[in-house]
There are 2 protein chains.
Amino acid sequence: MKVYVVGLGPGGFNEITPRAMAAMEESDVIAGYSVYIDLIKDKFSHKTLLTTPMKREVDRCHMALEEAVKGKTVSMVCSGDAGVYGMAGLIYEVSQQYDPVEIEVISGITAACSGAAILGAPLIHDFAVISLSDLLTPLELIKKRLEAAAMADFVICLYNPSSKKRFDYLMKACDIIVRYRSANTPCGIVRNIGREGEEYKVMTLKELRNTEVDMFTTVFIGNSKTKVISGKMVTPRGYKDV
Amino acid sequence: MKVYVVGLGPGGFNEITPRAMAAMEESDVIAGYSVYIDLIKDKFSHKTLLTTPMKREVDRCHMALEEAVKGKTVSMVCSGDAGVYGMAGLIYEVSQQYDPVEIEVISGITAACSGAAILGAPLIHDFAVISLSDLLTPLELIKKRLEAAAMADFVICLYNPSSKKRFDYLMKACDIIVRYRSANTPCGIVRNIGREGEEYKVMTLKELRNTEVDMFTTVFIGNSKTKVISGKMVTPRGYKDV
């Protein structure tokens, strides 16, 4: 009668918290998008593992909740943090159609944090996290948020910066941001965070505009104070005696 | 000759990643603010533990880097994530005064994520993280960021919402935000995340305005879509078939 919504972090077991591992160990059923179940299935092969493909998020919640109301303990797993563009919200929403089920969200390390660590320290000061996917959000609202974040000099972290259909969205985003900050603003991209093929690149906003990224990439755009130190992207907090 | 900048997460050992634990185990020296060193000192009492009090962040970096250039492996520990208002940036900045030292940032779970998990799922959609501390940031810039985030309907997470000197800053922040969203917007506060005395409260923006908080509190302000489900704060991502 319980659903844990578990964030697995960037990918490797060494970035899954003991609390998240304990929840999965305690569970009868582990449910998730097939790619995330693949990450953990060897360790939990004695559990009932339930998967749905991408874009079947609502089905996945029903699947988990049906098991929970049958009396099972269920872990719904997500990459990164379950509460940042993850399944934690949807589980609460769909749960309203069921008898009361206890829900506990267990945080994992989201790509904003794991990606920032690889790039250096871009998120040391106020930042905005924006998804460029317009699958569930009107493009006009995304543009408004980009504009507001750029105007108020937030460091900006972009999730879902590209897809086949949205191949030019990062370019459009950069075109909005460059109206408010220098084309030489340090930016960074990180791909396959915590997984095989992990790579990062620090570049200017102008270079970022002309960079092709894919859906496995997280993008960071510095604020007016961000600088490059030893090839890394660093946003100062403002200590005067450095 | 290496400095790990390690995020300890919210407080308990069960939310420290194996990667963070391994870095501390590998280190000769563990440095940090005395409160964070207290959290881990029993487990690492065989290491050299170096502390400085609050507001001595630059000294703390020199202390860590001096050990590193002597050939030691050093972990600089921070609560939450080392890259979100943490020491990762300052270490890079101060390191420029030393011979080259390898720096590796290891993420932990930041209060935005651990607090969100306790409140339900407030950060499921685009969000802005803003510190209300004007110790290192001009108040005018903080206000500008609050206004921009409110205007563009970001969920807002506030760090450092109060201190003795800044007892009315949360009230001021709410007064800015309420110009752009309903006084009934669901909000939440979480105190002592992951530690003894952990508590949370879900309330309206109007109620938040008149709530006293302290420096151990993280504040969440919903966007126009955020709702309360089973007493928790939930921001929908926008799935239409729920």
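Conventions and cut-offs
- Residues numbered from 1 in each chain as written.
- Chains lettered and ligands numbered in written order.
- Predicted model: local features only at pLDDT ≥ 70, side-chain atom pairs only at ≥ 80, totals over all residues.
- Heavy atoms only, no water.
- UniProt positions renumbered as here; feature names shortened; annotations may be inferred.
- Helix = DSSP H or I, 4+ residues; strand = E, 2+ residues; numbered from the N terminus.
- Rg over C-alpha atoms; globule rule 2.2 N^0.38 Å.
- Buried < 20%, exposed > 50% of the residue type's maximum accessible area, 1.4 Å probe, protein only.
- Arc of directions from axis to C-beta.
- Contact = heavy atoms within 4.5 Å.
- Least-squares fit on C-alpha atoms with pLDDT ≥ 70 in both.
- Axes fitted to C-alpha atoms, helices over the stretch in contact; angles between N-to-C directions.
- Parallel < 35°, antiparallel > 145°, perpendicular 65-115°, else oblique.
- Left-handed = near helix turned anticlockwise from the far one by under 90°.
- Buried area = accessible area lost by both parts, 1.4 Å probe.
- Salt bridge = Lys/Arg side-chain N within 4 Å of Asp/Glu carboxyl O.
- Polar contact = N/O pair within 3.5 Å; in protein donor to acceptor, adjacent residues only side chain to side chain.
- Nonpolar A, V, L, I, M, F, W, Y, C, P; charged D, E, K, R; others polar.
- Pairing = 2+ DSSP bridges.
- Core = buried A, V, L, I, M, F, W, Y, C linked by side-chain atoms within 4.5 Å.
- Disulfide = S-S within 2.5 Å.

Naming follows an unreviewed UniProt entry, where chain A appears as Cobalt-precorrin-3B C(17)-methyltransferase CbiH of Clostridium cylindrosporum DSM 605. Here chain A is described in UniProt, under the heading Pathway (unreviewed entry), as follows: "Cofactor biosynthesis; adenosylcobalamin biosynthesis."

Enquirer: Would you mind going over the overall build of chain A with me for this structure?
Expert: Of the regular secondary structure elements, chain A holds 8 helices and 13 strands. In terms of overall size, chain A behaves like a compact globule, its C-alpha atoms giving a radius of gyration of 19 Å where 242 residues would be expected to give roughly 18 Å. Along the first, second and third principal axes, the C-alpha atoms of chain A reach 55 × 35 × 30 Å. Expressed as a percentage of the 242 residues in chain A, the buried residues total 62%.

Enquirer: What am I meant to see in helix H7 (residues 169-177) of chain B here?
Expert: Along an α-helix, residues three or four apart share an orientation, since each turn contains 3.6 residues. All names here are of chain B. Buried within H7 are the following residues: Tyr169, Leu170, Ala173, Cys174, Ile176 and Ile177. Summarising the axial view, the buried residues of H7 lie within an arc of 160 degrees, below the 170-degree limit, and thus occupy one face. The inward-facing, buried residues of H7 contact helix H6 (139-151), strand E8 (155-159), helix H8 (205-209) and strand E11 (217-221).

Enquirer: What is the right way to look at the relation of the copies chain A and chain B in this model?
Expert: These two copies of the chain differ by a rotation about an axis and a displacement along the same axis. Of the transformation placing chain A onto chain B, the axial shift is 0.0 Å and the rotation is 180 degrees, giving an RMSD of 0.0 Å. Viewed as a symmetry operation, the transformation between the two copies matches a two-fold axis. When the interface residues of chain A are mapped onto chain B, 100% of them again fall at the interface, so both copies present the same face.

Enquirer: When you look at the packing of helix H6 (residues 139-151) of chain A against helix H7 (residues 169-177) of chain A in this model, what are you seeing that I'm missing?
Expert: Helix packing for two helices is described by the angle between their axes and how far apart those axes are. Residues and elements named next belong to chain A. As a packed pair, H6 and H7 sit with axes 9 Å apart at the nearest point and diverge in direction by 40 degrees. Judged by the inter-axis angle, H6 sits oblique to H7. Considering only the axes of H6 and H7, their crossing is right-handed. Contact residues: Leu139, Lys143, Leu146, Glu147 and Ala150 in H6; Tyr169, Ala173, Ile176 and Ile177 in H7.

Enquirer: Even after reading the chapter, I still don't get the interface of chain A and chain B, so can you show me in this structure?
Expert: Tallying the contact residues gives 65 residues for chain A and 65 residues for chain B. Approximately 6100 Å² of surface area, both sides summed, lies buried where chain A meets chain B, with 62% of it carried by carbon and sulfur atoms. As a salt-bridge pair, Glu93 of chain B and Lys227 of chain A come within 3.7 Å of each other at their nearest N and O atoms. For the pair chain A and chain B, the interface holds 30 residue pairs in polar contact (both at pLDDT 80 or more). Here the residues of the side of chain A that touches chain B are counted per class, giving 34 nonpolar, 18 polar and 13 charged. Where strand E7 (residues 127-131) of chain A and strand E7 (residues 127-131) of chain B come together, 3 bridges link them in antiparallel fashion.

Enquirer: Would you mind going over the nonpolar core with me for this structure?
Expert: Generally speaking, nonpolar side chains in soluble globular proteins are found buried as a group. Leu158 and Leu208 of chain A together with Leu158 and Leu208 of chain B are the most contacted members of the largest nonpolar core, which totals 52 residues. What Leu208 of chain A contacts, discounting residues up to four positions off in sequence, is Leu170, Cys174, Cys187, Ile189, Met203, Val219 and Ile221 of chain A. Judged by nonpolar contacts, the second largest core, of 38 residues, contains Ile109 and Ala112 of chain A together with Ile118 and Tyr159 of chain B.

Enquirer: Would you explain the state of the cysteines in this entry?
Expert: One way to say it: the disulfide is the covalent bond shared by the sulfur atoms of two cysteines. Per the counting criterion, the structure on display carries 0 disulfides over all chains. Not engaged in a disulfide, the cysteine Cys113 of chain A finds its nearest cysteine sulfur in Cys113 of chain B; these two sulfurs lie 5.5 Å apart. Note on Cys174 of chain B: no disulfide assigned, nearest cysteine sulfur contributed by Cys187 of chain B at a separation of 6.4 Å. Residue class for Cys174 of chain B comes out buried when judged on its relative accessible area of 2%.

Enquirer: Would you explain the pairing of strand E1 (residues 2-7) of chain B in this entry?
Expert: In regular strands, side chains alternate between the two faces of the sheet. Residue and element names in this part refer to chain B. Judged by how many residues are buried, E1 sits mostly within the fold: 6 of 6 residues are covered. Both faces of E1 are covered, namely the face carrying Lys2, Tyr4 and Val6 and the face carrying Val3, Val5 and Gly7. Across 6 bridges, the pairing between E1 and strand E4 (residues 73-78) is parallel. Counterpart to Val5 in the pairing with E4 is Met76.

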